[in-house]
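Fold and contact review
These are the residues of each chain, in order.
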Amino acid sequence: MNIAVIGGAGFIGSHAVKLLVERGHQVTAIDNLTNGHRAAVHRQAAFYALDCGQTAALAAVFQERKIEAVMHFAANAYVGESVEDPRKYYRNNVAHTISMLDAMHLCGIKKLVFSSTCATYGQPDHVPITEDMPQRPISPYGQSKWMVERILRDTAQAEGLAFAAPRYFNVAGSALDGTIGEDHRPETHLIPIVLQVALGQRKQVDIFGNDYPTADGTCIRDYVHVWDLVEAHLVLLEHLKPGQGLFYNLGVGRGYSVREIISVCRRVTNANIPTREVPRRAGDPPELFADPGKMARDFGWKAKITDLEEIVRSAWRWFQAHPNGY
Ligand code: UDP
């Protein structure tokens, strides 16, 4: 297929581009390079430096490249920043997605996979989280993704759009051949931060909160390998149905605490990783992990890399080889 990957120079988008190229698709990566890296985009993909809010320019690219389906990864994704600057999140994540949908509509493109998030569930009543649980996002970031889910449902009804909105848990790791990986500036995610401490680039890891109602007092999250995640996108793309939306949790189905992550990182890196206990970070629910059973039942998809040590090893290979990122 001719597939456009918007946000194709970002962490997850660049892995999607690589997977799609390797599976024989014609890939067009589009990214405004605000957070993405040109060097992250596979050489066999066409690349356009373009913001997805520019409907006319985007439609011209879709037309020129005969695009049949879109994967849309472009978004701002920091919960804390979204609380401080909500308009940035509603503009980039919601308004610009509408502009992108306008471009798809102009070109008659009816297939879309859109990155959603477990942050749309907010504070769940219980774990593991199933797709039918109430969505009550607690941050502008979560709200913005939830709003797009709503917009896509209505667009599917009105125009026959076929879409999937996979809800990601915590995405980690890097391509298994070591060619691409995670390079956020600033970095806020736990595993990269811990590995930067192991590299001597930071003094210590701050543990945000030690008084959560969990076994060791720290937050529990479900860490899913980026390669498993992008493979799931391809599965969803192959199962899209006109006028319908597919909503699936993408996680491993097991949670690890912040302390467990740090101790696995110590084992993998052999580094003494100093920590400092600091107050909770606003907006962090104590425990989030997926029930990934619906993806398994409906499509036979399950994360293959379920061993946390293997996930951390793949991230560590990238950080050791590219200590300064791209
Ligand atoms: N975390 C932490 N110290 C850090 C970064 C993150 O203790 O320097 C915790 C954070 O509070 C959360 C977990 O690690 O419970 C995962 O956070 P991350 O930012 O990686 O992903 P999020 O869960 O926000 O998507």
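Below: a short report on this structure. Not measured: the values here are computed from a predicted model.

Cut-off values and rules
- Residues numbered from 1 in each chain as written.
- Predicted model: local features only at pLDDT ≥ 70, side-chain atom pairs only at ≥ 80, totals over all residues.
- Heavy atoms only, no water.
- Helix = DSSP H or I, 4+ residues; strand = E, 2+ residues; numbered from the N terminus.
- Rg over C-alpha atoms; globule rule 2.2 N^0.38 Å.
- Buried < 20%, exposed > 50% of the residue type's maximum accessible area, 1.4 Å probe, protein only.
- Contact = heavy atoms within 4.5 Å.
- Areas by Shrake-Rupley, 256 points an atom, 1.4 Å probe, with all protein chains shown as cover.
- Expected span 1.5 Å × (residues − 1).
- Bend = angle between axes of the 7 residues up to and from the residue.
- Phe/Tyr/Trp six-rings, centres within 6.5 Å; stacked < 30°, edge-to-face > 60°.
- Lys NZ or Arg CZ within 6 Å of the ring centre and 35° of its normal.
- Right-handed = clockwise from strand over helix to strand, strands pointing away.
- Pairing = 2+ DSSP bridges.
- Near = heavy atom within 4 Å.
- Polar contact = N/O pair within 3.5 Å; in protein donor to acceptor, adjacent residues only side chain to side chain.
- Core = buried A, V, L, I, M, F, W, Y, C linked by side-chain atoms within 4.5 Å.
- Salt bridge = Lys/Arg side-chain N within 4 Å of Asp/Glu carboxyl O.

1. Here's the deal with the overall build of the protein
Helix and strand counts for the protein come out as 10 helices and 14 strands. Taking 2.2 N^0.38 as the reference for a compact globule, 326 residues should give roughly 20 Å; the C-alpha atoms of the protein span a radius of gyration of 19 Å, in line with that estimate. When the backbone C-alpha atoms are referred to their principal axes, the protein occupies close to 55 × 40 × 40 Å. When each of the 326 residues of the protein is scored for burial, the buried share is 56%. The long-range share in the protein, meaning contacts at least 24 apart out of those at least 6 apart in sequence, stands at 77%. Total accessible area computed for the protein in this model is approximately 13,800 Å², and 49% of it derives from carbon and sulfur atoms.

2. Comments concerning helix 4 (residues 86-106)
An ideal rise of 1.5 Å per residue puts 30 Å on 21 residues; helix 4 measures up with 29 Å between its terminal C-alpha atoms. The largest bend in helix 4 amounts to roughly 25 degrees and is located at H96. Buried residues along helix 4 sit in contact with strand 1 (2-6), helix 2 (55-64), strand 4 (69-72), helix 3 (79-84), strand 5 (111-114) and helix 5 (140-159). Phi for G108, located one or two positions after helix 4, is positive at around 70 degrees.

3. Remarks on the packing of aromatic side chains
Here the structure, examined in full by the defined rule, presents four aromatic pairs. When the centroid spacing of 6.4 Å and the interplanar angle of 85 degrees are considered together, the rings of Y89 and Y141 count as edge-to-face. Separated by 52 residues along the polypeptide, Y89 in helix 4 and Y141 in helix 5 bring together distant segments of the chain. Exposure remark for Y89: the relative accessible area of 0% places this residue in the buried category. Judged by centre distance (5.6 Å) and plane angle (80 degrees), the ring pair of F163 and F247 falls under edge-to-face. With F163 in strand 7 (residues 162-168) and F247 in strand 12 (residues 245-250), this pair connects stretches of sequence that are 84 residues apart. An identical accessibility class is assigned to F163 and F247; each is buried. Its guanidinium or amino end placed over the ring of Y212, R280 lies 3.9 Å from that ring's centre, counting from NZ or CZ.

4. Regarding the pairing of strand 1
Counting buried positions along strand 1 gives five out of five residues, so the element sits mostly inside the fold. In strand 1, alternate side chains face the same way, and those of N2, A4 and I6 on one face and I3 and V5 on the other are all buried. Crossover connection from strand 1 via helix 1 (residues 11-22) to parallel strand 2 (residues 26-31): handedness right-handed. The pairing of strand 1 with strand 4 spans four bridges and is classified as parallel. Within the sheet, the bridge partner assigned to I6 lies in strand 4 and is H72.

5. So, the site of the ligand
The environment of the ligand is formed by 14 residues, the closest being L190, D206, C219, R281 and D284. Interatomic distance of 3.0 Å between a backbone N/O atom of F208 and an oxygen atom of the ligand. Take R221: an N or O atom from its side chain is 3.1 Å from an oxygen atom of the ligand. Its free accessible area being 510 Å², the ligand has 87% of it covered by the protein chains.

6. A short note on the environment of P285
Relative to the assigned elements, P285 resides in the loop between strand 14 (275-278) and helix 9 (293-299). Take P285: its relative accessible area is 7%, and that puts it in the buried class. In this structure, the C-alpha to C-alpha distance between P285 and T214, residues 71 residues apart in sequence, is 11 Å. Not counting residues within four places of it along the chain, the set of residues in contact with P285 comprises G122, Q123, I138, C219 and R221.

7. Examining the nonpolar core
The nonpolar side chains of a soluble globular protein tend to be buried, and buried together. Core analysis: the largest hydrophobic core is formed by 40 residues, its most contacted members being I12, V17, M71, V171, L237 and M295. Counting residues per element, the ones that place at least two in this core are strand 1, helix 1, strand 2, strand 4, strand 7, helix 7 (226-238) and strand 12. At nine residues, helix 7 tops the list of elements feeding residues into this core. Leaving out residues up to four positions away in the same chain, V171 has contacts with F11, I12, V224, V226 and L229.

8. Structural notes on the environment of A175
Examined against the element boundaries, A175 turns out to sit in the loop between strand 8 (170-172) and helix 6 (190-198). In this structure the C-alpha to C-alpha distance between A175 and G255, which are 80 residues apart in sequence, comes to 22 Å. Non-local contacts of A175, meaning those with residues more than four positions away in its chain, are made with H15, K18 and I180.

9. With respect to the pattern of salt bridges
With the rule as written, the count across this model stands at 15 salt bridges. D177 is the salt-bridge partner of K18, the closest N and O atoms lying 2.5 Å from each other. A residue pair is termed long-range when its members are at least 10 positions apart, and K18 in helix 1 and D177 in the loop between strand 8 and helix 6 qualify at 159 residues. Here K18 falls in the buried class, since its relative accessible area comes to 7%. One salt-bridge network, held together by shared partners, links K18, E22 and D177.

Note that all results are geometric; they support no functional claim without further evidence.
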